[in-house]
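Here is how the chains run, residue by residue.
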Amino acid sequence: MPLILIASPKGGVGKTTLAANLADTLRRQGRPTLLLDLDPQNALRLHFGIPVQDGAGYMADRAARPDWRAHLRQVAPGLLLLPHGAVELRAALENALAMEHDPALLLAPLREMLADPSVLVVADLPPGPSAALQATAPFASLVLTVLQSEAISAAMLAEVESGRFLGSGTLPALFAGRLHFLLNGVDLQSRLSRSTAETVAQHLGPRLLGAVSRDEALAEALAYQRPLLDHAPASAAAADLRQVAAAVEALLPAPVARPVQPAAPAQPQHAAAFPLTASRGAW
Ligand SMILES: Nc1ncnc2c1ncn2[C@@H]1O[C@H](COP(=O)(O)OP(=O)(O)OP(=O)(O)O)[C@@H](O)[C@H]1O
Ligand SMILES: [Mg+2]
C-alpha cells in the first residue's frame, strides 16, 4: 500500500543505487516490496543481474503487452521489479507527453499496485521535475529526496525544500510536507563533504532520514550486478543502508500479514502475477 518515491532535483546523486539497495534492505527486514522503474534510463534492473541487452519493460512494450503484471520480474524473495524497458529518446519523449495528456496511463497501474496493503512500492524517478513525478507525488507516503554531500546541496536547500521540483503550482506545494531527505556520498575524511553534511543535517533536522557514506562497495556491487547486502554486507554503506531502512520503516504503517492462500488451480503465467501468484512463494 505505501508508496515511496526516490527523487532528486539534480541528476547522478545516487537515486537508482539507493532505490535498489533500500528496497533490497527493506525486503530482507520482512517488508514485501515492488520496485518500480519510472526512469527511461532503465537502470534499476542492472542492480539485480538482468542482462544489459534485456530491454523488456512495461513502458517499452506497453502497446504490445499493456498488462503491467506481465512485465514483473522476481529478483529476490519478497522483491518484485517492474523494469521501465529500453526506449529510444523519441519514445521516451512520446511516453512523457502521453503521460502528461493522460495520467491514467501510469495512475491506473499504480492504483492496482497500491491496492495490495501488504506490499510496499518503491519508485525510482528520473532526475529533476518529470511527468512521472508530478503524476505520482499525490499518492506518495514519502518522497525521499536524495542530496549529494557537496556544497551545492547546502546552497540549494531552500529551493529543494520548497518542493518546486515536484512541479509548479499549488498542488505540488501541498505535497512538499511529504518530502524527506537522504544525504548520499558522505566522506568523513573530506572537510567540505563533512561540513556540508553537518549544515544539511542541522537545517533539515528529523526530515533528514539518514546519510550514506561514499563507499566504492556500492559501485562495485553494481559492477557485479547484485545488491550491496549480497556483495559487501559488512561495508560502511551497508550499515548506513540498514539505518536508513529502519528510519523509513518507522514512518510506514506496520506490515500487513498476508493471509495464507488456499491452493488454487494453475493459471497462465501472465495472469494475476501480482499479487496472487507472487504471494505464493515469492514473498
Ligand atoms: N554512496 C556512494 N558511494 C560511491 N558511489 C556511489 C554512491 N552512490 C552512488 N554511487 C555511484 O554513483 C553513480 C551514480 O549513481 P546513480 O546512477 O544511482 O545516480 P542517479 O541519481 O540514479 O542518476 P540519474 O539522475 O542519472 O538517474 C553510480 O556509478 C553509483 O555506483
Ligand atoms: Mg537513476
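Residues numbered from 1 in each chain as written. Chains lettered and ligands numbered in written order. Predicted model: local features only at pLDDT ≥ 70, side-chain atom pairs only at ≥ 80, totals over all residues. Heavy atoms only, no water.

Visitor: Tell me about the overall build of the chain, and name the residues and values.
Guide: Tallying secondary structure elements over the chain gives 12 helices and eight strands in all. Computed over the C-alpha atoms, the radius of gyration of the chain is 18 Å, within 12% of the 19 Å expected from 2.2 N^0.38 for a compact globule of 283 residues. Once the C-alpha set of the chain is aligned to its principal axes, its extents read approximately 60 × 45 × 35 Å. Across the 283 residues that make up the chain, the buried fraction comes to 49%. The contacts of the chain with a sequence gap of at least 6 include a subset with a gap of at least 24, amounting to 76%. Surface accessibility of the chain: about 12,900 Å² in total, with carbon and sulfur atoms responsible for 58%. The chain carries 22 positive and 24 negative side-chain charges, and their two centres are separated by 3 Å. (Helix = DSSP H or I, 4+ residues; strand = E, 2+ residues; numbered from the N terminus. Rg over C-alpha atoms; globule rule 2.2 N^0.38 Å. Buried < 20%, exposed > 50% of the residue type's maximum accessible area, 1.4 Å probe, protein only. Contact = heavy atoms within 4.5 Å. Areas by Shrake-Rupley, 256 points an atom, 1.4 Å probe, with all protein chains shown as cover. Lys, Arg positive; Asp, Glu negative; His and termini not counted. Charge placed at Lys NZ, Arg CZ, Asp CG, Glu CD.)

Visitor: Give a description of the sheet that holds strand 6 (residues 142-148) that names residues and reports values.
Guide: In space, the eight strands of this open sheet follow the order 3-4-2-5-1-6-7-8, with mixed pairing throughout. Looking at strand neighbours, the two that pair on one side only are strand 3 (73-76) and strand 8 (208-213), the edges of this open sheet. Across this sheet, the average inter-strand angle for adjacent strands is 25°, counted without regard to direction. Across four bridges, strand 2 (residues 33-37) lies against strand 4 (residues 79-82) in parallel orientation. The residue of strand 4 that forms the bridge with Leu34 is Leu80. The sheet strands contacting helix 3 (residues 104-114) are strand 1 (3-7), strand 2, strand 4 and strand 5 (120-124), and the helix crosses strand 2 at an angle near 165°. (Pairing = 2+ DSSP bridges. Axes fitted to C-alpha atoms, helices over the stretch in contact; angles between N-to-C directions.)

Visitor: Outline the side chain of Asn42, supporting the account with residue identities and numerical values.
Guide: Of note, Asn42 is situated in the loop between strand 2 and strand 3. Given a relative accessible area of 2%, Asn42 falls into the buried group. In this structure the side chain of Asn42 is engaged in a polar contact, spanning 3.4 Å, whose partner is the backbone nitrogen of His84. Setting aside residues up to four positions removed in sequence, Asn42 forms contacts with Asp37, Gly55, Pro83, His84, Gly85 and Ala86. (Polar contact = N/O pair within 3.5 Å; in protein donor to acceptor, adjacent residues only side chain to side chain.)

Visitor: So what about the site of ligand 1? Which residues, and what values?
Guide: Close to ligand 1 lie 17 residues; Gly12, Lys15, Thr16, Thr17 and Asn184 are nearest. A distance of 2.8 Å separates an oxygen atom of ligand 1 from a polar atom in the backbone of Gly12. Residue Gly14 places a main-chain N or O atom 2.9 Å away from an oxygen atom belonging to ligand 1. When residues of the shell around ligand 1 are traced back to their parent elements, those giving at least two are helix 1 (15-28), strand 7 (179-186) and helix 9 (216-223). Per-element tally for the shell around ligand 1: the top contributor is helix 1, with three residues. Looking at the shell around ligand 1 residue by residue, the class counts come to four nonpolar, nine polar and four charged. (Near = heavy atom within 4 Å. Nonpolar A, V, L, I, M, F, W, Y, C, P; charged D, E, K, R; others polar.)

Visitor: Go over unusual backbone geometry with me, naming the residues and quoting the values.
Guide: Phi at Asn42 takes a positive value of approximately 60°, unusual for a residue other than glycine. The residue Gln225 is not glycine, and still its phi comes out positive at about 55°. Secondary-structure assignment places Gln225 in the loop between helix 9 and helix 10 (228-231).

Visitor: Provide a residue-level description of the packing of aromatic side chains, including the pertinent values.
Guide: Within this structure, the stated rule accounts for zero aromatic pairs. Over the ring of Tyr224 we find Arg226; its NZ or CZ atom is 5.4 Å from the centre of that ring. (Phe/Tyr/Trp six-rings, centres within 6.5 Å; stacked < 30°, edge-to-face > 60°. Lys NZ or Arg CZ within 6 Å of the ring centre and 35° of its normal.)

Visitor: Just give me the short version of the environment of Asp24, but keep the residues and values in it.
Guide: By the secondary structure assignment, Asp24 is in helix 1. Along the primary structure Asp24 and Phe48 are separated by 24 residues, whereas in three dimensions their C-alpha atoms are 9.7 Å apart. Ignoring any residue separated from it by four or fewer positions in sequence, one finds Asp24 in contact with Leu79, Pro227 and Leu229. At 3.1 Å, the side chain of Asp24 forms a polar contact with the side chain of Arg27.

Visitor: An account of the side chain of Thr25 is requested, with residue identities and associated values reported.
Guide: Within the secondary structure layout, Thr25 lies in helix 1. The residues touching Thr25, leaving out its near neighbours within four places in the chain, are Leu229, Leu241, Arg242 and Ala245.

Visitor: Which residues make up the nonpolar core, and what values do they have?
Guide: Within the largest apolar cluster, 42 residues are counted, with the highest numbers of intra-cluster contacts made by Leu5, Leu34 and Leu36. The greatest single-element share of this core, amounting to five residues, is contributed by helix 3. Among all residues touching Leu36, those that are not within four sequence positions of it are Leu44, Tyr58, Leu82, Leu110, Met113, Val121, Val122, Ala123 and Asp124. Judged by nonpolar contacts, the second largest core, of 37 residues, contains Ile6, Ala76, Val122 and Leu229. (Core = buried A, V, L, I, M, F, W, Y, C linked by side-chain atoms within 4.5 Å.)

Visitor: Go over the environment of Gln148 with me, naming the residues and quoting the values.
Guide: Checked against the element boundaries, Gln148 lands in strand 6. Taking the relative accessible area as the measure of exposure, Gln148 reaches 16% and is therefore buried. Separated by 64 residues in sequence, Gln148 and Val212 have C-alpha atoms that sit 9.6 Å apart. The contacts of Gln148, once residues within four sequence positions are left out, are Gly12, Val13, Ser153, Leu183, Asn184 and Gly185.

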